[in-house]
Amino acid sequence: MSESRTSAEGGMETSYGFREVADGEKQGLVNEVFHKVAKRYDIMNDVMSVGMHRVWKDAMISALNPRKEPGYKVLDVAGGTGDIAFRIIEASNRQAHATVLDINGSMLAVGGERAAKKKLSDNLTFVEANAEELPFEPNSFDAYTIAFGIRNVPRIDVALSEAYRVLKRGGRLLVLEFSEVDLPLLDRVYDSWSFNAIPKFGKAITGEAEPYQYLVESIRKFPNQENFAEMIRNAGFSRVSFTNYTGGIAALHSGWKL
């Protein structure tokens, strides 16, 4: 499998990291990765981002600026452990209701336990479903968020179209994802860290290196900032933009349903 990034025309459907897989095979392989890492998911993100994922997620919530009033409804996709949803609820002064959707039951189980400990269960609904087939009526949500999950969806264009469908008019899409580093020196350092250190740390923490190897490779296959922005436009969104974080290691993409 070529290590080059996929484009706005697609290619992630059959890309399991750098390996080419059969059409329809990727989802099962990705599911197995997250079953393995569910209980240590936050540690995984700390390892992969050297702790910066927490800063980027806080910036995402600041950009969303959820309304502090009852009736504000957010759909957080691929957010099984609740990390983004919890932040949104707290930022709304516990007025918002977040539906956390994930295809992986192990991740949702972790999120449910964490929500109970934080006494946020009344503000949350956990749903096990596929981002490509959302079980919701059109025009149901004020915002759709997904953090570090869109690259694991086989048919990204379908997921984006579903996001557009379930958002209300005036609703906002926010996608936080690892992206293409735009600083040459940082790019070399980041590559060395990613391919040499992260799988080793993953094996030390969880006993397995393979899930981390896939996650590192999937970052390199994901479309760069401009190409992913084009995919969001193709799904129907307006006022599409992105903001790079830490030299492009991560990027926050924004679009509106107008």
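Criteria and cut-off values
- Residues numbered from 1 in each chain as written.
- Predicted model: local features only at pLDDT ≥ 70, side-chain atom pairs only at ≥ 80, totals over all residues.
- Heavy atoms only, no water.
- Pairing = 2+ DSSP bridges.
- Helix = DSSP H or I, 4+ residues; strand = E, 2+ residues; numbered from the N terminus.
- Core = buried A, V, L, I, M, F, W, Y, C linked by side-chain atoms within 4.5 Å.
- Buried < 20%, exposed > 50% of the residue type's maximum accessible area, 1.4 Å probe, protein only.
- Contact = heavy atoms within 4.5 Å.

**Some words on the pairing of strand β8 (residues 238-245)**
Where β8 and strand β9 (residues 250-256) come together, six bridges link them in antiparallel fashion. The partner of Tyr245 across the bridge, within β9, is Ala250. The hairpin formed by β8 and β9 contains four residues between the paired strands, and Thr246 there has a positive phi angle of roughly 50°.

**Focus on the nonpolar core**
Core analysis: the biggest nonpolar cluster contains 37 residues, and Phe34, Met48, Trp56, Leu176 and Phe178 have the highest contact counts within it. When residues of this core are assigned to their parent elements, the largest contribution, five residues, is made by helix α8 (residues 210-221). With near-sequence residues (within four places) excluded, Trp56 lies in contact with Ser49, Phe148, Leu176, Phe178, Tyr245, Thr246, Ile249 and Ala250. If you look at the next biggest cluster of nonpolar residues, it comprises 32 residues, including Ala8, Phe136, Ile150 and Ala229.

**Details of the environment of Asn227**
Note that Asn227 resides in helix α9 (residues 225-234). Put simply, Asn227 and His35 are 192 residues apart on the chain and 30 Å apart in space, counted from C-alpha to C-alpha. Among residues more than four places away in sequence, those in contact with Asn227 are Thr6, Ser7 and Ala8.

**Remarks on unusual backbone geometry**
Negative phi is the rule for most residues except glycine; trans is the rule for most peptide bonds. For Asn65, which is not glycine, the phi dihedral falls at a positive 50°. Here Asn139, not a glycine, exhibits a phi torsion of approximately 60°, which is positive. Take Asn139: it is sitting in the loop between β5 (124-128) and β6 (141-147).

All quantities given are derived from atomic positions and should not be read as evidence of function.
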